[in-house]
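Per-entry structural report
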Amino acid sequence: MGLFRSPSPLLAAAVLSSSAGLVLAAAAPAGTAPLDAAQPAPAAPAAPAPSPGTGHVHMPISRTVRLEAHLKVGEEVDLGRPGRSVGDQFVFSGDLRPVGARGKQDGHASGRIGGHCVITDTALNAGQCSTTAVLREGQITVQGEQTGIPTPAPVVNAVTGGTGEFRNATGQVTQKFLTPSVWEFTFRLTLHNPEPAAHRMPKGPVDAGFGSRTAPPTR
């Protein structure tokens, strides 16, 4: 297949009270069976656990992060028999920049992105892809199938985790391919036990207003 320089990503139990062995029970309504004294009452919902070492409970928050990837590397790696075959790989990397920075290579990048796809279906040019976005606040990892490699169609893949402010992150990312070398990523994240402010990584000028944070929807 040869090398191809073209982009692609990629939830306490209640304790029965007793006094000197005496169990008090109210009369059961007609037609119902009395509560068995030996049977525990229904369990109460567990309270959120405090963050390790802080004693404070941090509720999950939602966050949306939108970035453009400007690729510097996009290589098809021909493995096994010559030509496109199962097991071939597509490897990519580049800079992450604010949305709308297409074509603007000057200024500071927001971070880096890199990953690879392994071909699993030659008819669809489909493969399993793993991607890592490296930001000042931490890393975000993504995994899922993409079709049309090396220039896949728009796809939604799973966020599998992260580090720093993104540790224990779940959610998904929508990936669009604007040009062969410019991709758009929209990360919709739920951050569980988010990093306390005192432990967050410092932000630089390019991170001001980076992403949006909201409380999770209530039911």
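As a reminder, the structure under discussion sits directly above these lines.
Description of the structure in this document. (Residues numbered from 1 in each chain as written. Predicted model: local features only at pLDDT ≥ 70, side-chain atom pairs only at ≥ 80, totals over all residues. Heavy atoms only, no water.)

Remarks on the packing of aromatic side chains
This structure, assessed with the given rule, holds five aromatic pairs. Between the aromatic rings of Phe-177 and Trp-183, the centroid separation amounts to 4.9 Å while the plane-to-plane angle is 70 degrees, which identifies the pairing as edge-to-face. When sorted by exposure, Phe-177 lands in the same class as Trp-183, which is buried. Following the ring pairs from residue to residue traces out a cluster consisting of Phe-90, Phe-92, Phe-177, Trp-183, Phe-185 and Phe-187. (Phe/Tyr/Trp six-rings, centres within 6.5 Å; stacked < 30°, edge-to-face > 60°. Buried < 20%, exposed > 50% of the residue type's maximum accessible area, 1.4 Å probe, protein only.)

A short note on the pairing of strand β3 (residues 111–121)
Sheet topology places strand β2 (residues 89–98) next to β3; eight bridges connect them, and they run antiparallel. Within the sheet, the bridge partner assigned to Phe-90 lies in β3 and is Cys-117. Sheet analysis places β3 next to strand β4 (residues 126–135), joined by ten bridges and oriented antiparallel. For Arg-112, the partnering residue across the bridge sits in β4 and is Val-134. Count of turn residues in the β3/β4 antiparallel hairpin: four residues, of which Asn-125 carries a positive phi of about 50 degrees. (Pairing = 2+ DSSP bridges. Helix = DSSP H or I, 4+ residues; strand = E, 2+ residues; numbered from the N terminus.)

Points about the state of the cysteines
In total, this model carries one disulfide according to the counting rule given. A sulfur-sulfur separation of 2.0 Å characterises the disulfide bridge that pairs Cys-117 with Cys-129. With the S-S bond torsion at 115 degrees, the cross-link from Cys-117 to Cys-129 turns out right-handed. With a gap of twelve residues between them, Cys-117 in strand β3 and Cys-129 in strand β4 connect regions that are remote in the sequence. For the pair Cys-117 and Cys-129, one class covers both residues: buried. (Disulfide = S-S within 2.5 Å.)

Re the nonpolar core
Membership of the largest hydrophobic core comes to 26 residues, with the highest contact counts inside it found for Ile-140, Trp-183 and Phe-187. Elements with a contribution of two residues or more to this core: β1 (61–77), β2, β3, β4, β5 (138–146), β7 (169–179) and β8 (182–191). The leading source of residues in this core is β8, at five residues. Apart from residues no more than four positions distant in its own chain, Phe-187 is found in contact with Arg-63, Thr-64, Val-65, Ala-133, Ile-140, Val-142, Val-159, Gln-172 and Val-173. (Core = buried A, V, L, I, M, F, W, Y, C linked by side-chain atoms within 4.5 Å. Contact = heavy atoms within 4.5 Å.)

Thoughts on unusual backbone geometry
Going from Ile-149 to Pro-150, the amide bond is cis rather than trans, its omega being 15 degrees. Along the chain, the position of Pro-150 falls in the loop between β5 and β6 (155–162). One non-glycine residue, Asn-125, adopts positive backbone phi at about 50 degrees.

A closer look at the environment of Asp-78
Turning to its location among the elements, Asp-78 is positioned in the loop between β1 and β2. Judged by relative accessible area, which is 26%, Asp-78 ranks as partly exposed. Note: C-alpha distance between Asp-78 and Asp-88 (ten residues apart in sequence) is 5.2 Å. Of the polar contacts made by the side chain of Asp-78, one reaches the backbone nitrogen of Gly-83; its length is 3.0 Å. (Polar contact = N/O pair within 3.5 Å; in protein donor to acceptor, adjacent residues only side chain to side chain.)

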